[in-house]
Amino acid sequence: MDFIIDNGILVIKAMERVDSNNAAAFESELTDILENNAHDSMILDAENLNYISSAGLRVILRLQKKEPSMRIVDVTAEAYDIFEMTGFTEVLSIEKAYRKMSVDGCEIIGKGAKGTVYRLNGDTIIKVYNDPDSLADIHKERELARKAFVLGVPTAISYDVVKVGDSYGSVFELLDAKSFSQLIIEDEAGFENYVNEYAKLLRLIHNTMVKPEDMPDAKAVVGKWLKTVSVYLDEEQTTQLEKLMATIPDTLNMIHGDYHTNNLMMQNGETLLIDMDTLAHGHPIFDLINVYFTYVGQEAAEPEGVTAFTGIAPDTARKLWNLFIKDYLETEDEEKINSVTNKIKLMAQVRFLNHYGKRKYFEDEDGQKILEACKGELSKLLMQLDTLEF
């Protein structure tokens, strides 16, 4: 068997087949390589391994006792099925090989904080993650998507995980699907229908109740914003803000966490969600904060930010929000709409301070002016509100 040593890691390449005929020789050669080559850890590269019998599996178990940190990587689909069926994937570090794909020249149909969505062809799209070490995130998203789908949320389920350059991607079959951002830009006459569908799906998500152990608590995530925001507020404002946040009920409504028009696709008249890695549970305000921030709230710092992110023009984005909140609340009552909107705006100011504070946006003169305007709006809303519940 071929092997190399790279930075103290001994990488041994397995043969194509390990069965009762060659298991003893396989073990003997492994032992010889291990004993005669100093190393800190070991990887068994199974790129060529197409079959392993029970005799070979016993060799792997004995090898793992000698090399507790051993990883088995690039495992072929055939061998992985054997490892999985016998329970080895539960007790050993076994990494399946992934198909390699390229997105060179492919149309970009959406971008988010964690990745970019490309159209490979008329039938297929792929979400490529920014972080090369994204496998855990991908598997988490696939599991969350599965849970949402079972609960009745129309979710596109990834059917494959692939390698794209140095990173990974999730592949979806979406025949001639377009994002809601694309549809809003291309079909002005259908604008109200798309916004209505956008609001309708979010109501469905929020009307779906989840088990607390299945998804993280959105309130805990938002609570972390205060650490950044408190730097810009006085003690009284910080205390007021903490008291107001405490009035948000602890609920088990499903929260999407990144609900924008790039993440909704229309396929043959059916709306599907394609980005589920931020699912959580909590009060609906936690999603509404992000919707407001995307289409209205970031404009003070980045007038063209919504266009750079979704392709939608700022004036259209403001129209989208105004129509969306009416459709979401299912009311034309301006008093109710304004009451809820002010609560969302308050928390959107907090999101604004957290987002741009982390990016050190407020350090120059122009940033200071925007900071003071944001603090003024926040202070005004703090005096008006005594609860964030609705």
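Bear in mind the structure is a predicted one, so any value in this text is a computation, not a measurement.

Draft legend 1. Here's a closer look at the sheet that holds strand S6 (residues 71–75). With mixed pairing, the five strands of this open sheet are ordered in space as S1-S2-S4-S6-S7. Because the sheet does not close on itself, it has two edges, and the strands there are strand S1 (3–6) and strand S7 (93–96). Each neighbouring strand pair of the sheet contributes to a mean axis angle of 20 degrees, computed without reference to strand direction. Direction of pairing for strand S4 (residues 41–45) relative to S6: parallel, over a ladder of three bridges. By the bridge assignment, Ile-43 is partnered in S6 with Arg-71. On the sheet, helix H1 (residues 23–35) packs against S1, strand S2 (9–13) and S4 and is oriented at approximately 155 degrees with respect to S2.

Draft legend 2. Spotlight on the pairing of S4. By the criterion of burial, S4 is predominantly enclosed, with four of the five residues buried. Strand direction decides the pairing type here: S2 and S4, joined by five bridges, are parallel. By the bridge assignment for S4, Leu-10 is matched with Met-42.

Draft legend 3. Spotlight on the environment of Phe-309. Checked against the element boundaries, Phe-309 lands in helix H12 (residues 305–310). Given the relative accessible area of 26%, Phe-309 is considered partly exposed. The sequence separation of Phe-309 and Gly-112 amounts to 197 residues, and the corresponding C-alpha distance is 7.7 Å. Excluding residues within four positions of it along the chain, Phe-309 makes contact with Lys-111, Gly-112, His-260, Asn-262 and Thr-294.

Draft legend 4. Looking closely at the side chain of Asp-19. On the secondary structure map, Asp-19 appears in the loop between strand S3 (17–18) and H1. You can call Asp-19 buried: its relative accessible area is 11%. One polar contact links Asp-19 to Arg-17, side chain to side chain, over a distance of 2.8 Å. Setting aside chain neighbours within four positions, we find Asp-19 in contact with Tyr-51, Ser-53 and Ala-55.

Draft legend 5. Main features of helix H5 (residues 135–150). Its 16 residues place the ends of H5 23 Å apart at the C-alpha level, agreeing with the 22 Å of an ideal helix rising 1.5 Å per residue. At its buried positions, H5 is contacted by strand S11 (124–129), strand S12 (160–164), strand S13 (167–173) and strand S15 (254–255). Positive phi appears at Gly-152, one or two residues downstream of H5, with a value of about 100 degrees.

Criteria and cut-off values
- Residues numbered from 1 in each chain as written.
- Predicted model: local features only at pLDDT ≥ 70, side-chain atom pairs only at ≥ 80, totals over all residues.
- Heavy atoms only, no water.
- Pairing = 2+ DSSP bridges.
- Helix = DSSP H or I, 4+ residues; strand = E, 2+ residues; numbered from the N terminus.
- Axes fitted to C-alpha atoms, helices over the stretch in contact; angles between N-to-C directions.
- Contact = heavy atoms within 4.5 Å.
- Buried < 20%, exposed > 50% of the residue type's maximum accessible area, 1.4 Å probe, protein only.
- Polar contact = N/O pair within 3.5 Å; in protein donor to acceptor, adjacent residues only side chain to side chain.
- Expected span 1.5 Å × (residues − 1).

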